[in-house]
Amino acid sequence: MPKTLTLSEPKQFSTFYGGRTVTWDLLDEKGVGYRISWIAKAFDTHMPECMAFACRHDTRGIQWTDYREQAVSHNPDAALALRDVMKQLKEKYGYTYDTEVEIQLLPGEVVADD
């Protein structure tokens, strides 16, 4: 049975220094996958930045399983940066994406199969 990852609703908030941030969770049915985080102006580079980190969701919430970024995009548009990061994850780990879903990227839709 192929592993299926589902994209969560985006969560938006502002950082203490005024940057806008959006996060998504891309998880399988066991709660294992990626936390994808986009920020309009990263603290260190002052550029837009979107990164995917390996994580799992359990009773305590999201727990990082690796603090190294698995994919990175510097696109200033959050949705396009998300698409770029998901494309990198596809190329690196062999995920396959449903073309129509990849174009629409609707929250809660199944977006990847392993």
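The shown structure was predicted, so the numbers you read here are calculated from the model rather than taken from an experiment.

Before we move on, could you go through the nonpolar core and cite the residues and values that matter?
Ranked by internal contacts, the top residues of the largest apolar core, which has 18 residues, are W24, L26, Y34, I36 and L89. Where this core is concerned, the elements lending two or more residues are β1 (4-7), β3 (20-27), β4 (32-39), β5 (49-58) and α1 (78-93). No other element matches the 6 residues that α1 contributes to this core.

Report on the pattern of salt bridges, specifying residues and quantitative values.
Applying the stated criterion to the full structure yields 5 salt bridges. The salt bridge partner of D58 is R60, with a shortest N-O separation of 3.3 Å. Overall, the relative accessible area of 21% leaves D58 in the partly exposed class. A salt bridge links R68 to D66, with the shortest nitrogen-to-oxygen separation between them at 2.8 Å. Each of the salt bridges in this network shares a partner with another, and the network as a whole consists of K11, D25 and R35.

Here is what the cut-offs are and how they apply
- Residues numbered from 1 in each chain as written.
- Predicted model: local features only at pLDDT ≥ 70, side-chain atom pairs only at ≥ 80, totals over all residues.
- Heavy atoms only, no water.
- Core = buried A, V, L, I, M, F, W, Y, C linked by side-chain atoms within 4.5 Å.
- Buried < 20%, exposed > 50% of the residue type's maximum accessible area, 1.4 Å probe, protein only.
- Helix = DSSP H or I, 4+ residues; strand = E, 2+ residues; numbered from the N terminus.
- Salt bridge = Lys/Arg side-chain N within 4 Å of Asp/Glu carboxyl O.

None of the figures reported here should be taken as evidence of function without further support.
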